[in-house]
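Chain by chain, the residues run as shown.
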Amino acid sequence: MATTPSTPSTNDDAPETPALGKGRATPTRAEQEAARRRPLVANTKEAKAAARAELAERRNRAQAGLAAGEEKFLPARDKGPQRRWVRDYVDAGWHPAEFVMGVMVLVILISLLPPNLAIAGFAIAGWAYLVMMAYLVLAIGGMILLGIRVKRKVAAKFGQDRMERGLGWYAAMRSLQMRFMRLPKPQVKRGQHPA
């Protein structure tokens, strides 16, 4: 026996004619763009002050981390266990190169003395210049020897095949800086050479 499909039930409560439109006019392109437009950065004074304070806090935290030698705040040239070992080795010793700036300032001050001041017929400024040149030769020689010594000790500690490039230069340039100006700050006292 064939059955006829039943007709779907209809909702008698529904209105006979559907509502026309969406109840409001379509906005123009200019109105849509104006509604989307907002400043990229908050324009309020409070928001600017909060952003400035947050930036200053982040900068201070990064500066403190760099000074303390925290690995995540260090620039790429200072990262790694070998660089840390080299920093500690350089910071533990006395190096003639770290006093070059002081010697140069002293020579500049001496060169301001009157030229008629002389020792053995030679102006004091001339003697000071010769002393500075001799000290520079001594400092450069010390930097070269320090670089060679650091390379040898790093190769013995970490292995020749795993030694990073530029460690001798890194040690020499760190020794050229006065101890209180070095960044990251020295983590060891003088005489505490790393193992």
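Residues numbered from 1 in each chain as written. Predicted model: local features only at pLDDT ≥ 70, side-chain atom pairs only at ≥ 80, totals over all residues. Heavy atoms only, no water.

### So, the nonpolar core
Part 1: Within the largest apolar cluster, 11 residues are counted, these being Trp85, Val86, Tyr89, Val90, Leu146, Val150, Val154, Phe158, Leu167, Tyr170 and Ala171.
Part 2: Elements represented by at least two residues in this core include exactly helix H3 (81–92), helix H5 (124–158) and helix H6 (167–176).
Part 3: Each residue touching Phe158, except ones within four places of it in the same chain, is listed here: Pro81, Gln82 and Trp85.
Part 4: Formed by six residues, the second largest nonpolar core is a distinct cluster that contains Ala97, Ala139, Met143 and Ala172. (Core = buried A, V, L, I, M, F, W, Y, C linked by side-chain atoms within 4.5 Å. Buried < 20%, exposed > 50% of the residue type's maximum accessible area, 1.4 Å probe, protein only. Helix = DSSP H or I, 4+ residues; strand = E, 2+ residues; numbered from the N terminus. Contact = heavy atoms within 4.5 Å.)

### Quick notes on the side chain of His95
Part 1: With respect to the secondary-structure elements, His95 resides in the loop between H3 and helix H4 (100–111).
Part 2: For His95, a relative accessible area of 9% gives the class buried.
Part 3: Excluding its chain neighbours within four sequence positions, the residues that come into contact with His95 are Val90, Leu146 and Ser175.

### Considering unusual backbone geometry
Part 1: With an omega of -10°, the peptide bond running from Leu183 to Pro184 counts as cis.
Part 2: One can find Pro184 in the segment after H6.

### Some remarks on the packing of H3 against H6
Part 1: Where H3 meets H6, the axes come as close as 10 Å, and the angle between the chain directions of the two elements is 40°. Classified by the angle their axes make, H3 and H6 are oblique. Judged by the sense of rotation from one axis to the other, the crossing of H3 with H6 is right-handed. Seen from H3, the contacting residues are Gln82, Arg83, Val86, Arg87, Val90 and Asp91; seen from H6, they are Leu167, Tyr170, Ala171, Arg174 and Ser175. (Axes fitted to C-alpha atoms, helices over the stretch in contact; angles between N-to-C directions. Parallel < 35°, antiparallel > 145°, perpendicular 65-115°, else oblique. Left-handed = near helix turned anticlockwise from the far one by under 90°.)

### Looking at the packing of H3 against H5
Part 1: Where H3 contacts H5, the axes come no closer than 11 Å and their chain directions differ by 135°. Relative to H5, H3 is oriented oblique. Considering only the axes of H3 and H5, their crossing is right-handed. Together, Pro81, Gln82, Trp85, Val86, Tyr89 and Val90 of H3 and Leu146, Arg149, Val150, Lys153, Val154, Lys157 and Phe158 of H5 make up the contact between the two elements.
Part 2: Classifying every residue of the contact of H3 with H5 gives nine nonpolar, one polar and three charged. (Nonpolar A, V, L, I, M, F, W, Y, C, P; charged D, E, K, R; others polar.)

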